[in-house]
Amino acid sequence: MANALKMRRQEGWTKAVSLGPDFDKYRIMRMSSSLAGTYVFDEVGSPEGDGIIRFSQLLDGERQAPQAFGNQINSGTFNAHPFIAPDESYLIWDGRRQEGYGGSDIYISFKQEDGRWGDAINMGSDINTDGWDAAASVTPDGKFMLFHRLNEHGNANIFWVSATIIDRLRDAN
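Presented here is a report on the structure given in the accompanying data block. Starting afresh in each chain, residues are numbered from 1 along the sequence in its written order. Since the coordinates come from a predicted model, pLDDT governs what is reported: local features require at least 70, and pairs of side-chain atoms require 80 or more to be given and counted, while whole-chain, interface and lining totals use all residues. To get the side-chain values, take all heavy atoms of the structure and skip hydrogens and water.

### Examining the sheet that holds strand E6 (residues 39-43)
Any two strands with at least two DSSP bridges between them are considered paired. Strands are runs of DSSP state E lasting at least 2 residues, helices are runs of H or I lasting at least 4, and numbering of each runs from the N terminus. Sheet architecture is open: 4 strands sit in the order E5-E6-E7-E10, paired in antiparallel fashion. For this open sheet the edge positions go to strand E5 (28-33) and strand E10 (67-68), each flanked by a neighbour on one side alone.

### Comments concerning the sheet that holds strand E14 (residues 121-122)
Two orientations exist for strands paired in a sheet by backbone hydrogen bonds: parallel and antiparallel. Taken together, the 4 strands give an open sheet; going across it, the order is E11-E12-E13-E14, and neighbouring strands pair in antiparallel fashion. Strands at the two margins of the open sheet, each flanked by one partner only, are strand E11 (77-84) and E14. As judged from the 2 bridges shared by strand E13 (residues 105-110) and E14, these two strands associate in the antiparallel manner. Paired with Ile108 across the bridge in E14 is Ile121. In this description, contact between two residues means that some pair of their heavy atoms is separated by no more than 4.5 Å. Helix axes use the C-alpha atoms of the stretch in contact, all axes being lines fitted to C-alpha atoms, and the angles between their N-to-C directions lie in the range 0 to 180 degrees. Helix H1 (residues 164-172) contacts strand E12 (90-96), E13 and E14 of the sheet and is inclined by roughly 60° relative to E13.

### Examining the nonpolar core
Put simply, a nonpolar core is a bunch of buried Ala, Val, Leu, Ile, Met, Phe, Trp, Tyr and Cys residues held in one set by side-chain atoms that sit within 4.5 Å of each other. Exposed residues in this analysis have more than 50% of their type's maximum accessible area, buried residues have under 20%, and partly exposed residues fall in between, with area computed by a 1.4 Å probe over protein chains only. One finds Tyr90, Ile92, Ile108, Met123, Val138, Met145 and Ile166 to be the most contacted residues of the largest nonpolar core, which totals 18 residues. Of all the secondary structure elements, the ones that give two or more residues to this core are E12, E13, strand E15 (133-138), strand E16 (144-150) and H1. Apart from the residues within four sequence positions on either side, Ile108 is in contact with Tyr90, Leu91, Ile92, Trp93, Asp119, Ala120, Ile121, Met123, Ile166 and Leu169. Core analysis: the second largest hydrophobic core is formed by 10 residues, Phe69, Ile73, Ile84 and Leu91 among them.

### Examining the pairing of E12
Where burial is concerned, most of E12 is hidden: 6 out of the 7 residues are buried. Pairing of E11 with E12, which is carried by 4 bridges, proceeds in the antiparallel orientation. Counted as the bridge partner of Thr77 is Arg96 from E12. Joining the antiparallel neighbours E11 and E12 is a turn of 5 residues, in which Glu88 adopts a positive phi near 65°. Two elements, E12 and E13, share 6 bridges in a ladder whose sense is antiparallel. By the bridge assignment for E13, Tyr90 is matched with Phe110.

In structure tokens, the structure reads:
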């Protein structure tokens, strides 16, 4: 089964269930889901650094075909590792952009009142370095953001910070 989903239940993990034919053409690397059932995912990219982040909503009980986010999310290269907030109020991902600090930076976009996604905001030097900073997610209680940074040996070191950085960035923009 190419793209499948397992869910954690009180009694354990479910059997793998296909995401359906609309997902078969994508080589999904990471997927996250909102409480409303919106899936957000990336694709295994090419050496040229492409990387498109897509979403699929659940509308009236029907899974919609994946769509690419707009340029506010899918600009630059190596766009990957999306994390959508449970309430869909923000999206975090990493990528390489001209204004970045290093090999890959972590960005955030906030959903606007009209439902559109705001411009990408680099999460700044408190998070990003001249190295490869990536794969951020927020703990289920909303208190911490975890991410990884590659070290000089190519191994990932895990970091965590207070998730209040998200509120600070939202308030500043």
